[in-house]
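# Notes for the structure review
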Amino acid sequence: MKLCFIGTGYVGLVSGACFADLGNDVVCVDKDLNKIENLKKGISPIYEPGLEELVKKNYRNGRLKFSTNLKDSVAISNIIFICVGTPTKKKSNATDLSQVYSVAKKIRSYITSKFKIIITKSTVPVTTGDEIEKILSKNKSKKLFSVVSNPEFLREGEAIRDFIYPDRIVIGTSDVKANKILKNLYSPLISKGAKYINTTRRASELIKYASNAFLATKITFINEIANLCEKTNINIEDISIGIGLDKRIGSRFLRPGPGYGGSCFPKDTKSIVKTADKFKINLSLVKSVIKSNQKRSLLLINKVNEIFRGKIKNKNICFLGVTFKANTDDMRESSSLVMIPSLVKKGAKINYYDPTGEKKNFKKIKNVTFSKDIKTALHKSDLVIIHTEWNDFKSINFKSLIKKKHFIIYDLRNIYSPLKMKKSKIKYFGIGR
Ligand code: UDX
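In what follows, the accompanying structure is described. What you see is a predicted model; the values in this text were computed from it and never measured. (Residues numbered from 1 in each chain as written. Predicted model: local features only at pLDDT ≥ 70, side-chain atom pairs only at ≥ 80, totals over all residues. Heavy atoms only, no water.)

## A word on the overall build of the protein chain
Our working definition: Under the DSSP-based scheme used, a helix requires at least four consecutive residues in state H or I and a strand at least two consecutive residues in state E, with every element numbered from the N terminus. Throughout, radius of gyration means the C-alpha value; the globule benchmark is 2.2 Å times the number of residues raised to the power 0.38. Contacts are assigned to residue pairs that have any heavy atoms within 4.5 Å of one another. Reported accessibility uses the Shrake-Rupley method at a 1.4 Å probe radius. Residues are deemed covered only where the shown protein chains occlude them. Only four residue types enter the charge count: Lys and Arg as positive, Asp and Glu as negative, with His and the chain ends excluded. Where a charge lies is defined by one atom per residue type: Lys uses NZ, Arg uses CZ, Asp uses CG and Glu uses CD.
For the protein chain, the count of helices and strands is 18 helices and 14 strands. The globule rule puts the C-alpha radius of gyration for 433 residues at 22 Å, and the 24 Å found for the protein chain is close to it. For the protein chain, the spread of C-alpha atoms along the three principal axes comes to 75 × 50 × 45 Å. Sequence separation of 24 or more characterises 71% of the internal contacts of the protein chain that already satisfy a separation of 6 or more. Accessible surface, the protein chain: about 21,400 Å² in total, of which carbon and sulfur atoms supply 54%. Separation of charge centres in the protein chain, based on 81 positive and 38 negative side chains, amounts to 3 Å.

Spelled out as structure tokens, the structure:
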């Protein structure tokens, strides 16, 4: 199959490289020349374990190409995936679809005589596919194209694995011909056990939002139960295991932490609420999930305040990890973006280390410094906050790394055993235990 991916961000680049690896001829298009030139050199614009190797391998064997020429790329392809950004609008919670529609208009002028499937892989609100179809239908016969929704469920840091072994592949189309072609395209993954479901286009669009809203709800639920565990001297892990063993609930996404962040959950929860509002439906549950998650960082700051008995001023606080989760360099909606400035405001001095390097987000904040390694970051710290669950942090021997008597650790990801910490005479606080 000849495939074209428009937008070489997270979804477009990972999917393009993986489809090339499955034997398809893929061209990834982007208007950013610098990005395309770098990709030709094997330099990935995003941090994703295994991606650069996959890009290099498939670029070398000629199955993966990079281009800024949308016209030629569309012309040679049978299937065109729209993978451009769909950020939240600046002054409202609505989704900014300008990039999607602008690409759709361009595709319209490049469709000639050959049938093409146009897929939205970008996360788009319900009825966006209908709008794209309207745009493409202007001056074009409907026989020349089919607009399909095929949402992506890739997690950052696990994207390649998630692509190869997805729980499900959702194809939103009522077009029998397009469905047959896409089922064939995905057959290597289906034969490995992925479930393939064909729904209407609107249902497929909503499946993506409902999935993310549900997962965000699950995380927020366990975070609130963790708050209760802290007051009642119960270990949240017992609760996660105890409820997760009920197959109707399931054990995944029941890890308490600093609240969900990233490029999807915060954006998609707001967007689904906005869409529902448009149809006069009140998603009160999702609304309260959003509120609870927004308040979470403040709750954690209060706990830091408690640990220092209200005397945060001039305290040295070390953050290990600042990204929204491990195995990514992504800072979007990370709780550290709220926690660090707030603690600085209260007079703390922050020293942080992140395996993915220094972050521009903190460069201009006074009293925030970056350390190149864990040991330097820990030096002189009055409190260590484990913000991200990187493997690099899981086996730190604090006492042998830094010779000092009093260590206080606030572990926002529960990566250490409280018992071991007690034995090492480290004052240790976790989440919900
Ligand atoms: C998510 C979805 O999982 C993916 O299907 C979708 O396509 C994009 O959004 P991602 O944002 O990469 O993926 O991260 P994910 O692993 O889902 O975690 C999201 C946030 O929830 C992170 O801040 C993470 O730390 C937090 N989280 C996750 C928890 O706090 N507890 C958990 O048990 C799981």
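## Details of helix α6 (residues 128-137)
We count it as follows: With a 1.4 Å probe rolled over the protein chains alone, any residue whose accessible area is under 20% of its type maximum counts as buried; one over 50% counts as exposed, and the rest are partly exposed. Regarding the arc, it is the one traced by the directions from the helix axis to the C-beta atoms.
Every buried residue of α6 is accounted for by Thr 128, Gly 129, Ile 132, Ile 135 and Leu 136. Taken down its axis, α6 places every buried residue within 115 degrees of arc, on the same side. Buried positions along α6 lie against β4 (79-82), α5 (98-110), β5 (116-120), β6 (145-149) and α10 (201-232). At the exit of α6 stands Asn 139, carrying a positive phi of roughly 65 degrees.

## Some remarks on the nonpolar core
Counted only if it meets this: Each nonpolar core is a collection of buried residues, namely Ala, Val, Leu, Ile, Met, Phe, Trp, Tyr and Cys, held together in the definition by side-chain atoms within 4.5 Å.
Counting residues in each nonpolar core, the largest one holds 38 residues, and the members touching the most others are Phe 19, Phe 81 and Leu 182. With 7 residues, helix α1 (residues 10-21) is the single largest residue contributor to this core. If you look at the next biggest cluster of nonpolar residues, it comprises 30 residues, including Ile 236, Met 339, Ile 340 and Leu 343.

## Notes on the packing of aromatic side chains
What describes a pair of aromatic rings is the distance from one ring centre to the other and the angle between the planes of the rings. Heads up, the condition is: Pairs were defined over the aromatic rings of Phe, Tyr and Trp, the Trp ring being its six-membered one, requiring ring centres within 6.5 Å. Orientation was assigned from the angle between planes: stacked under 30 degrees, edge-to-face over 60, tilted for the rest.
Summed over the entire model, instances satisfying the criterion amount to 15 aromatic pairs. Here the aromatic rings of Phe 19 and Phe 163 are separated by 5.0 Å at their centres, their planes lie at 85 degrees, and the arrangement is edge-to-face. A residue pair is termed long-range when its members are at least 10 positions apart, and Phe 19 in helix α1 and Phe 163 in helix α7 (residues 159-164) qualify at 144 residues. With respect to class, Phe 19 is no different from Phe 163; both count as buried. Among the aromatic residues, those joined into a cluster by ring pairs are Phe 5, Phe 19, Phe 81, Phe 163 and Tyr 186.

## Brief notes about the pairing of strand β7 (residues 168-172)
A regular strand carries its side chains on alternate faces of the sheet. Using the following cut-off: For two strands to count as paired, DSSP must find a minimum of two bridges between them.
Burial analysis of β7 places 4 of its 5 residues in the buried class, the great majority of the element. Where β7 and strand β8 (residues 195-199) come together, 5 bridges link them in parallel fashion. Looking at the pairing, Ile 171 lines up with Asn 198 of β8.

## Some remarks on the site of the ligand
Going by this rule: Throughout, near means a residue has at least one heavy atom within 4 Å of the molecule or strand. Whenever two N or O atoms come within 3.5 Å, that pair is a polar contact, provided that in protein one can donate a hydrogen and the other can accept it, and provided that, for residues adjacent in sequence, both atoms are side-chain atoms.
Taken together, 19 residues surround the ligand, and among them Phe 153, Glu 156, Arg 255, Gly 261 and Arg 413 come closest. At 3.1 Å from an oxygen atom of the ligand is found a main-chain nitrogen or oxygen belonging to Leu 154. A distance of 2.8 Å separates a nitrogen atom of the ligand from a polar backbone atom of Arg 255. Starting from 660 Å² of accessible surface for the ligand in isolation, the protein chains cover 96%.

## Thoughts on the pattern of salt bridges
Cut-off, in case you're wondering: Any Lys or Arg side-chain nitrogen located within 4 Å of an Asp or Glu carboxyl oxygen qualifies as a salt bridge.
Taken as a whole, this structure holds 19 salt bridges when the rule is applied. For the salt bridge of Glu 133 with Arg 201, the shortest nitrogen-to-oxygen distance reads 2.9 Å. Of the two residues, Glu 133 is situated in helix α6 and Arg 201 in helix α10; the sequence distance between them amounts to 68 residues. One network of salt bridges, in which partners are shared, links Asp 130, Glu 133, Lys 142, Arg 201 and Arg 202.

## What about the sheet that holds strand β14 (residues 427-429)?
Within a sheet, each strand pairs with its neighbour through backbone hydrogen bonds, oriented either parallel or antiparallel. Quick note on the threshold: Axes here mean lines fitted to C-alpha atoms, for a helix over just the part in contact, with angles spanning 0 to 180 degrees between N-to-C directions.
An order of β11-β10-β9-β12-β13-β14 is seen for the 6 strands of this open sheet, with the pairing classed as parallel. Strands with a single pairing partner mark the edges of an open sheet, and in this sheet they are β11 (368-370) and β14. The average undirected angle you get between the axes of adjacent strands in this sheet is 20 degrees. With 4 bridges connecting them, strand β9 (residues 316-320) and strand β12 (residues 383-386) associate as parallel partners. Counterpart to Ile 317 in the pairing with β12 is Leu 383. Sheet strands in contact with helix α14 (residues 336-345) are β9, β10 (349-353), β11 and β12, and its direction is about 175 degrees off that of β9.

By themselves, these figures tell us nothing about what the structure is for.
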